[in-house]
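# Coordinates in review
Each chain, letter by letter, is given below.
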Amino acid sequence: MDVRFEILRFDPARDAKPHWEDYTVELEPTDRVLDGLEKIKGERDGSIGYRRSCAHGVCGSDAMKINGRNRLACKVLIRSVRQPIRIEPMMGFTVHKDLLVDMEPFFKKYRSIRPYLIEASERPDAERLQSPENREKFDDTTKCILCGACTTSCPSFWADPNYVGPAAIVQAHRFIFDSRDEGKEERLKILNEREGVWACRTVFNCVDACPRGIQVTRAIGEVKQALTRGKVD
Amino acid sequence: MAVHQFDGVIVGAGGAGLMAALQASKGAKIAVVSKLYPTRSHTGTAQGGIGAALGNLEKDSWEWHMFDTVKGSDYLADQDAVELMCREAVETVYELEHMGLPFSRTPEGKIAQRPFGGHTREFGKGPVRRACYAADRTGHMILQTLYQQCIKQGVTFFDEFHVVDLLISEGRTAGVVAVELATGELHTFHAKGVMFATGGSGRMFKITSNALTLTGDGMGILYRRGIPLQDMEFFQFHPTGIYKMGILITEAARGEGGILRNKAGERFMERYTPTLKDLAPRDMVSRAIHQEVLEGRGIDGKDFVHLDLTHLDADAIHKKLPDITDFVETYLGIDPTKQPIPVQPTAHYAMGGIPTDASARVVVDDKKTVMPGLYAAGECACVSVHGANRLGTNSLVDIIVFGRRGGKSLLEDVKRDPLPPLPADPEKQARERIARLMAEGGQRVSDIRTEMQARMTEKASVFRIAEGLTDVIGRLKQLRKRAESVRLTDRGKAYNAELMEAMELEYLLELAEATAAAALARQESRGAHYREDFPKRDDANWLKHSLVWRQPDGSPRLGTKPVTITRFEPKERKY
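Predicted, not measured: the structure shown is a model, and the values here were computed from it.

## Focus on the side chain of Glu233 of chain B
Residue and element names in this part refer to chain B. Mapped onto the secondary structure, Glu233 falls in the loop between strand E10 (229-230) and strand E11 (235-242). There is a polar contact of 2.6 Å between the side chain of Glu233 and the side chain of Arg522. Not counting residues up to four positions away in its chain, the partners in contact with Glu233 are Arg464, Thr515, Ala518, Ala519, Arg522, His529 and Ser546.

Below, the structure is given as structure tokens:
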């Protein structure tokens, strides 16, 4: 079937401002939006800029706005979206080219919450023990693939680009609620600052945007609660 | 010309590259250069588990793991390297846990383990729970954990820099040249040591589980610089790719009790491998599926079978296999707890690659001669621990064990060695290559790539025959000719992915031809390499590795190298 796309094009070296371009290509209803982009790029216009890699929703490269909502292009099937399929870059970061945005500020936020296990105790000879119940407490937030869909759908982030954003809080949650981590206090302190969790207004856009189905707002709520009560669990 | 000076450069930021970076950057100035952001690397898509004889749920030993790996390899793996890998698997898995990897847990709180294809107790008596897992996203957790540790350690990254050439001066490795994708500018990385950890080349096939970026860059770059490649004819086809799409459905689905069925609903694996049944090694299961299809027992008479999980507990599936449940729902609109999943073999893993010793140092001939300053680890390398067929979970073991060993070798060598001079005009080859690709031609990259992938899937996959391989080699030569005059519509410099894809295509075409040529030369069937015209394994003539060198015109020249056998003499492979 013929499928119509409208893609917001912008080359800062050439264009004063972004403009929409139309493309129609033949696809199967079961094809992915990414298959459409690949076809357009391969057969019509090789200059379209976007990132992609695994093509099945695991690597987090191809987050973009599809018909107004942040989605991974490889996890949306043609049959499930209205045509013309309007594709824009994620909002809030500088556009480098077409759908490619500058991800460095995003990774900077990620790094700011100290995203690694903080160990004070000696490592044992074999594995540390962790009960299945304790493992379950942070299971949801281990799924994050750092695609940026949640942060760039968040009105608090649009209003204040310094807000650490849902993705970084999800990553912090993954460690704060891990029984093996010994850096909870310093992480909670970072998130208690003005640009931390309190900027979240529980709009829930992040939950809709997350391609991994993470209950982002709940995770943020658990971090807020830990701060209020002064302890985890 | 931008020149960066480092002690060592690691190309690729998947599991092997990051593991190496963690080791090497402890005592030397190291840069990790990758065409992707590290967290986009393909390690992140590994699902089922990492094999290590922890014995958390039942008795297990590294000797059994070693035996299974050697037998799984159809006796082509080098047994000294396999022994190292299976011994060190145990401590490296503990190390991953110590780094924070969130493994699933047993009721006692230990790392959870489950059965996987070809992994057995007591040298083949029955399945053993050896695959250490984190739900069905073990690779994702490994990649995330290693990247986290790199941040903690302050490792230097050059993200979205596409390495396009290896520099050699005075017979030593002297660095690499890369395109900065954001600007299109060339950068020279001048270094004493370079490790390639660039992953596989599955994109030479049409149906593949591999990412769009898995285009054999590391193998291709070295091949063009005169380094041979080893065992290229051995490419693994994973039995359970989603029909038509190739997306992987983990072997853990069968580890958890899933069953393959043909159109009559028959559990056909019972006929092929009565002891291990659905948990036989991948080469055998893929061939069995093909055989069922050939004999008309595919679903609806087509080229796929069913993976049936409907008899399993739905809660357990959601807990232990959440991601594949999501894939199946997203891409097929199927609830795997209620309906069977249509699957077919999908090109999954290159057993062959850049020949190395067990310290990840690149060896350039059949006499273990090391190329100074050059290292390779992970899927792009061939140690060889997988031989003719890799067991499930062993790719993750490989990247962690040999990434770590390689990082240590790199560190040891750069501490001792002086920095070799840069060759005169180091960017010359890269610059001329880009100019040639950007020149006005008539051929579309996507057309050539599509045809290569179709031919390779048709003629060089699970079943192979001389006639088909000869045909595909001829086609690939024509395609290489066409690829000399491509037409790129993107004339810009910033993020010119079309240019990047043109270079990736050059690697894929040459690697595909090397694969087909080595497959044609090997007149026997072993592991993943099955010849309809030579259906038996032939140890008298072919218990040896193949090597392939690139000739000046781009076509391959073949040679061989001996296999190291220590503990286990080759036997007939039955499961």
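Right, picking up where we left off after that structure.
## A look at helix H14 (residues 466-482) of chain B
All names here are of chain B. With 17 residues, H14 should reach 24 Å at 1.5 Å per residue; the first-to-last C-alpha distance of 25 Å fits that figure. Regarding H14, the residues found buried are Gly468, Leu469, Val472, Ile473, Leu476, Leu479 and Arg480. Buried residues in H14, looked at end-on, bunch into an arc of 135 degrees, giving them a common side. Exposed side chains of H14 directed beyond 90 degrees from the buried face belong to Glu467, Gln478 and Lys481. On the buried face of H14, the contacting elements are helix H13 (445-459) and helix H15 (497-521).

## As for the interface of chain B and chain A
Contacts between the two partners involve 58 residues from chain B, matched on the other side by 62 residues from chain A. Between chain B and chain A, the buried area comes to about 5,000 Å², and carbon and sulfur atoms account for 50% of it. Remark: the boundary between chain B and chain A carries eight salt bridges. The element contributing the most residues to the side of chain B that touches chain A is helix H4 (residues 138-153) of chain B, with eight residues. Its residues assigned to classes, the side of chain B that touches chain A shows 23 nonpolar, 19 polar and 16 charged.

## Observations regarding the packing of helix H5 (residues 217-224) of chain B against H15 of chain B
All names here are of chain B. Contact geometry of H5 with H15 gives a least axis separation of 9 Å together with a crossing angle of 75 degrees. Judged by the inter-axis angle, H5 sits roughly perpendicular to H15. Every residue of H15 that contacts H5 at Asp217, Met219, Gly220, Ile221, Tyr223 and Arg224 is listed here: Glu504, Glu506, Tyr507, Glu510, Leu511 and Ala514.

## Notes on the confidence of the model for chain B
Mean pLDDT over chain B stands at 97; residues scoring 70 or higher make up 100%. Taken over the whole predicted complex, pTM reads 0.98, whereas the ipTM for its chain interfaces reads 0.98.

## Overview of the domain arrangement of chain A
Residues and elements named next belong to chain A. Taken domain by domain, chain A consists of domain 1 (2-101) and domain 2 (104-229). Once you take the C-alpha centre of each, domain 1 and domain 2 turn out to be 29 Å apart. Counting residues at the interface gives 14 residues for domain 1 and 15 residues for domain 2. Interface area for domain 1 against domain 2, summed over the two sides, is near 1,200 Å², with a carbon-plus-sulfur share of 61%. Counting the surface domain 1 buries against domain 2, the share from its top three residues, Asn70, Met91 and Phe93, is 44%. Scanning the region where domain 1 abuts domain 2 turns up two salt bridges. In this structure, Arg71 engages Asp208 in a salt bridge whose closest nitrogen and oxygen atoms are separated by 3.4 Å. Here domain 1 is connected to domain 2 by five residue pairs in polar contact (both at pLDDT 80 or more).

Procedures and definitions
- Residues numbered from 1 in each chain as written.
- Chains lettered and ligands numbered in written order.
- Predicted model: local features only at pLDDT ≥ 70, side-chain atom pairs only at ≥ 80, totals over all residues.
- Heavy atoms only, no water.
- Helix = DSSP H or I, 4+ residues; strand = E, 2+ residues; numbered from the N terminus.
- Polar contact = N/O pair within 3.5 Å; in protein donor to acceptor, adjacent residues only side chain to side chain.
- Contact = heavy atoms within 4.5 Å.
- Expected span 1.5 Å × (residues − 1).
- Buried < 20%, exposed > 50% of the residue type's maximum accessible area, 1.4 Å probe, protein only.
- Arc of directions from axis to C-beta.
- Buried area = accessible area lost by both parts, 1.4 Å probe.
- Salt bridge = Lys/Arg side-chain N within 4 Å of Asp/Glu carboxyl O.
- Nonpolar A, V, L, I, M, F, W, Y, C, P; charged D, E, K, R; others polar.
- Axes fitted to C-alpha atoms, helices over the stretch in contact; angles between N-to-C directions.
- Parallel < 35°, antiparallel > 145°, perpendicular 65-115°, else oblique.
- pLDDT = per-residue confidence, 0-100.
- Domains from an automatic or database assignment.

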